[in-house]
Amino acid sequence: MNRIIAFAGSNSQTSINKQLATYAASLVEQSEVEVLDLNDYELPIFGVDLERKLGGQPENAHRFLDQIRKADGLIISLAEHNGAYAAVFKNLLDWMSRIEGKTFLGKPMLLMATSTGGRGGKSVLEIAESRFPRHGAHIIETFSLPSFKDKFEEGKITDVDLNNELIGKVKKFQASLEAVIES
């Protein structure tokens with residue numbers, strides 16, 4: 001059985017990206033899924049002086065990276081703050097990359113974003129699509145959900161076409177996991 005971790009690049013208690021990641025993870029069949037919360041992995045703001053003072057990286061950065069190591073696949077939905085990653089996610093990535101430069105370890109990834117606006121976090125998705133492969137990401141599919149408040153209710157996407165699009169992308173993601181196991 002595959003082990004999937006899903007999380008939002010956000011520390012909001014009511015994160016719409018966590019809601020989307022949780023929904024997408026629920027569509028993956030025959031897999032053990034764990035939804036992580038960045039609030040459970042608090043970290044000080046990265047800086048080389050602090051890293052030196054600490055004598056390395058904080059335990060929570062190691063703990064989160066261990067979750068990635070144990071996973072067969074990753075579902076990530078990124079919050080978009082001013083067109084880029086949320087500070088909490090960027091900070092986590094900075095700390096983990098000091099431990100392991102190829103942070104995502106070649107794991108198959110479904111990369112997503114949502115926002116209340118009409119672009120659905122596309123700016124942060126473009127940044128991540130460009131940057132993540134340098135950190136060892138194997139991005140299988142991307143998905144953007146625009147106008148979250150109008151198209152997501154009671155834990156699922158209400159727009160039929162967008163929901164079907166996500167289901168298709170989840171199926172491709174799942175097939176990539178099965179291909180890894182078979183090889």
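Structural data are supplied above this passage.
Residues numbered from 1 in each chain as written. Predicted model: local features only at pLDDT ≥ 70, side-chain atom pairs only at ≥ 80, totals over all residues. Heavy atoms only, no water.

This part takes up the packing of helix 3 (residues 59-70) against helix 4 (residues 87-99). Axes are the key here: two packed helices are described by the angle between their axes and the distance separating the axes. It is the contact of helix 3 with helix 4, at a shortest axis distance of 9 Å, that shows an interaxial angle of 75°. In terms of axis orientation, helix 3 runs roughly perpendicular to helix 4. Of the residues in helix 4, those touching helix 3 at Ala61, His62, Phe64, Leu65, Ile68 and Arg69 are Leu92, Trp95, Met96 and Ile99. (Axes fitted to C-alpha atoms, helices over the stretch in contact; angles between N-to-C directions. Helix = DSSP H or I, 4+ residues; strand = E, 2+ residues; numbered from the N terminus. Parallel < 35°, antiparallel > 145°, perpendicular 65-115°, else oblique. Contact = heavy atoms within 4.5 Å.)

We now examine the environment of Ile140. Relative to the elements of secondary structure, Ile140 occurs in strand 7 (residues 138-145). By relative accessible area, which is 22% here, Ile140 ends up partly exposed. Separated by 122 residues in sequence, Ile140 and Lys18 place their C-alpha atoms 19 Å apart. (Buried < 20%, exposed > 50% of the residue type's maximum accessible area, 1.4 Å probe, protein only.)

A ring pair, where both rings are aromatic, is described by two values, the distance of the centres and the angle of the planes. Under the counting rule described, the total for this entry stands at 10 aromatic pairs. One aromatic cluster in this structure is built from Phe7, Tyr41, Phe64, Tyr85, Phe89, Phe104 and Phe132. (Phe/Tyr/Trp six-rings, centres within 6.5 Å; stacked < 30°, edge-to-face > 60°.)

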